[in-house]
Structures are given as structure tokens and as C-alpha cells.
Amino acid sequence: MEKQSGVQVLIPKDVIGAVIGKGGSVLRDIIVESGATVSVLPRDGVGTTPNERVVVIGGETVERVSAFRAIHATADDEARAINDDSAFADAGPNAVVPLKILLRNEFVGIIIGKGGATIKKLSAESGTKISINQPEITPGPETLRIITAVGPAEGLALAFEQILSRVEDSKPSSQATLYGSVPFPSASSRRERNIILVLESMIGAVIGKGGINARTITEGSGAKIHIETRAEKEVRIAEEEGEESRGADERQVVIIGTAEQQFQAQRRVYELLMADDRSKSAQAQKDGRGSRRAPRRMKVHYPVSVAALGSVIGKGGAKIEEIASNSGAKLNLLRWTDEKPDDDVVVEIFGVLEETQAAQNLIRQVILERLLRQIPE
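Residues numbered from 1 in each chain as written. Predicted model: local features only at pLDDT ≥ 70, side-chain atom pairs only at ≥ 80, totals over all residues. Heavy atoms only, no water.

Overview of the nonpolar core
Threshold: Among buried residues, the Ala, Val, Leu, Ile, Met, Phe, Trp, Tyr and Cys ones that are joined through side-chain atoms within 4.5 Å form a nonpolar core. Exposure categories follow from relative accessible area, calculated using a 1.4 Å probe and restricted to protein chains: below 20% of the type maximum is buried, above 50% is exposed, and the middle band is partly exposed. Two residues qualify as a contact provided that any one of their heavy atoms is within 4.5 Å of a heavy atom in the partner residue.
By size, the foremost hydrophobic cluster in this structure holds 39 residues, and its most contacted members are Ile11, Val38, Ile57 and Phe160. If near-sequence neighbours (up to four positions away) are discounted, valine 38 is found in contact with Leu27, Ile30, Ile31, Val55, Val56, Ile57, Ala67 and Ile71. Grouped together as the second largest cluster of nonpolar side chains are 34 residues, Met202, Ile227, Val269 and Leu362 included.

Side note on the sheet that holds strand β9 (residues 250-257)
Operational definition: The pairing criterion for strands is at least two bridges between them, as found by DSSP. We count a stretch as a helix when DSSP gives it H or I for four or more residues in a row; a strand needs E for two or more, and each element gets its number in order from the N terminus. To get an axis, a line is fitted to the C-alpha atoms, and for a helix only the part in contact is used. The angle between two axes follows their N-to-C directions and goes from 0 to 180 degrees.
Across the sheet, which stays open at both edges, the 6 strands sit in the order β8-β9-β7-β10-β12-β11 with antiparallel pairing between neighbours. Pairing within the sheet leaves two strands with one partner each, and these edge strands are β8 (224-227) and β11 (330-334). Taken pair by pair, the neighbouring strands of this sheet meet at an average axis angle of 25°, ignoring direction. Inspection of the sheet shows β8 paired to β9 by 4 bridges, in the antiparallel sense. Following the sheet pairing, lysine 224 is matched in β9 by isoleucine 256. The sheet contacts of helix α10 (residues 230-239) involve β8 and β9, and relative to β9 the element is tilted by about 100°.

Some thoughts on the confidence of the model for the chain
Filter applied, for reference: Residue-level confidence of the predictor, termed pLDDT, takes values from 0 up to 100.
Scored by pLDDT, the chain comes out at a mean of 86, with 86% of its residues at no less than 70. The weakest mean pLDDT in the chain belongs to helix α7 (residues 176-180) at 73; the strongest belongs to β8 at 97.

What about the environment of proline 183?
Checked against the element boundaries, proline 183 lands in the loop between α7 and β7 (192-199). Remark: the alpha-carbon pair of proline 183 and asparagine 361, spanning 178 residues in sequence, is separated by 7.7 Å. The residues touching proline 183, leaving out its near neighbours within four places in the chain, are Glu260, Phe263, Gln264 and Asn361.

Focus: the side chain of glutamate 228
Here glutamate 228 shows up in the loop between β8 and α10. The residues touching glutamate 228, leaving out its near neighbours within four places in the chain, are Lys233, Arg236, Glu250, Arg251 and Gln252.

Observations regarding the packing of helix α12 (residues 306-313) against helix α13 (residues 318-327)
Our working rule: Orientation labels follow simple angle bins: below 35 degrees gives roughly parallel, above 145 gives roughly antiparallel, 65 to 115 gives roughly perpendicular, and whatever is left gives oblique.
The interhelical angle for the contact between α12 and α13, taken along N-to-C directions, is 70°, at an axis separation of 5 Å. Taken as axis vectors, α12 and α13 run roughly perpendicular relative to one another. From α12, Ser311, Val312 and Ile313 reach across to α13, where they touch Ala318, Lys319, Ile320 and Ile323.

A closer look at the pairing of strand β6 (residues 144-150)
Among the 7 residues of β6, 5 are classified as buried, and the element is accordingly described as predominantly covered. Bridge count for strand β4 (residues 99-104) against β6 is 6 bridges, and the pairing is antiparallel. In the strand pairing of β6, lysine 100 is matched with threonine 148.

Details of the pairing of strand β12 (residues 345-351)
Within β12, 6 of the 7 residues are buried, which leaves it mostly tucked inside the rest of the structure. Pairing analysis gives 7 bridges linking strand β10 (residues 298-304) to β12, with the strands arranged antiparallel. Bridged to histidine 301 within β12 is glutamate 348. In the sheet, β11 pairs with β12 via 5 bridges, with the strands oriented antiparallel. When the bridges of β12 are listed, lysine 330 appears paired with phenylalanine 350.

Details of the side chain of arginine 297
Note the threshold: Pairing of N or O atoms within 3.5 Å defines a polar contact, subject to two protein rules: one partner must be a possible hydrogen donor and the other a possible acceptor, and residues neighboring in sequence count only if both atoms are side-chain atoms.
Within the fold, arginine 297 resides in the loop between α11 (259-286) and β10. Polar contacts involving the side chain of arginine 297 include one to the side chain of glutamate 60, which spans 3.3 Å.

Comments concerning α12
Here is the rule we go by: By arc we mean the arc of the directions from the helix axis to the C-beta atoms, nothing more.
Looking only at α12, the buried set comprises Ala308, Leu309 and Val312. Down the axis of α12, the buried set is contained in an arc of 120°. They therefore lie on one face. Those residues of α12 that are buried lie in contact with β10, α13, β11, β12 and α14 (353-373). Glycine 314 sits one or two positions beyond α12 and adopts a positive phi of about 80°.

In C-alpha cells form, the structure reads like this:
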């Protein structure tokens, strides 16, 4: 899933200074720790009220929720610090600062649901009281409405996450399904050497007892699979000493095969990771711990020859940006200080299964078109 547009929340203006911090220090810490993008709109920005400022939080859902938790905790602590305790005598376990989300009117029906069923369910599941303001004039699709939730801090974070999920699920998906749901349609027998980076804590799920899962991947896909050993990893990390830290907590799953074999093998690896996620979530739920997890993403290293690199990047980076946009994956070019002029350049691809497959297929399409242009008419 591609990076989502920012969600706007209202924060009381008398505590916004604490959220920003001296010289922006608190806001910078929140950005670094959450991975989200966070900005505070000007005092006259769209959506601001006489008593509130608009804070825009962007990124993946898990990043935005993390940022909201930090922002709200800071705002709530500041509100309590600058007011007399008696002012909050009736608050009980509830947070002093409520959750307020600005949402375009076109999405409000999704939150309310038929006969108010959805908003009642969201309130019950999060343990908060959720309401939506009614404008004085008939609202259009772009009219900003305020969704307010009152309750304990943890409940507000859960309500925030649930509302985001409802809205994002209602939006058109990226084109990942179009480009990444099937193998690349090529009759070529050219074999690729691609790498999936798997967290050390999850590599056992890919190997399986006695290596049974790894063998199943090979048999089901026709690709050759090599899972980096601990000794090989130590050598790799030692060779990369001095470089930016890459893969220190990951093991490489090397896949060699045609585009179709790559698709089948990578899909099987992803399914094993998903199964491991489900097992851990079930155990967490059984132990009474939270079991909500972000969608499983994986990291793929796709090598591109120096000759084809210009076509993949495009003028001013236009082509690789287009590939990222159409696939929904995050793309990054990895370079090493000791690389040779004719070394392949690795495109690091990060996303859910269909996004990583879409990105690879779109890169393959660019390379194929380049080769076809070189064939004499």
C-alpha cells in the first residue's frame, strides 16, 4: 500500500507549543520515533478554529497511530499541567484532550454506517464516545466535518486507528493488484537472482523444521533457493563494515529463477511470513496481550544492470517515481562505496506482496521495452 495522505487532527492552541517543543525539538523526536510525517498548519490554515490548531500526520497507518499517541500524550500532559486539577475533577479515567479528526464530508457516511450502526460499533470497540458535528449549512463532499471521540487515552488511539482504517479501505486501491497479482507475461527464460530480506526472528518460519519449508518453496516454484547461513551473514556484515548499516538483523533468501519462478517463490515466502504473523497474533491474544499487527511487508533486492539503469530511473527520476506510484511500493537505490563501474545496481523494494511484485514487473517492462528498441526494424 502506498504512503497515505495526511490525516488532520485538532489540538488545543494552548498546548500546541508543548507538542512542537523548543525549536521544534519535540515534534522532531515524534517524527523520528514514529516514522510518520508531522506538520502543524499556520494559525490561519484551513480547518483551524479559534481555539485549535491543525496537525497533519502522514505515513502508513501504524506510523500515524504511533505519532498520534505521542502527540496526544504530550498535549494531554500539558493541559493538565497548565490547569488546576479541579478543572478535571469530572474527567475520571478519560483523557483531558479529546480526539478530533477533520474529515471530508464524503467519508462521513462510512463512519456513521446504516442507521448509525458503524459509529456505535466504533464507540463500543474503542471504549469511547464518538460524535460528528453538524454544519449550519448543507455540506458538500469537500466540507470538513469534525469527528470527536471522548474517553481514555488508549481508547482514543484505538478510535483513531479504526477511523483511519475505515476511510482508507473505502478509497480506491493503488494499481498494485493490476500489475502485481500475476507473474510477468514473458516467454523469456532469463533467470534473475533476487533476494528477499527476512528478519532474523522470522527466518525459522521460512526454513521450517528440517528445512521442509525451504524445500517446499523450491518444489512448488521451480526456482533455486539459498537461505543465508549465520556464518555467511557474518562475512557479509564484515565486508560491509563502514557502509550504512544494511541487513544487520536480517537474513538473505536468495532466489534464482525466471520471472514466473520468482513470482511463485516469493509468494510462498510471503505466505510463510503471514502464517508466522497469524501464529504470533493468536498467541498474543491467548496471553491477553494486544494482537493487532501492521500488514506484513517484505523487502526485496532487485538487481538492475548499469546499461538499463538509466531507463529504470528515467529523466530526473521520473520513471522510478512512476513505478513507485503505480506499484505502491517504496523504492530505494542501494549504492556501495567500493562498487565497480559495471556492477549491477540494487533496487530495494519494500511493500506488501502485490506491491513488491508490481514493482518488479514494472521494472521488467521497462527493461524489455529498452531491449525491443535496440532491435533493428
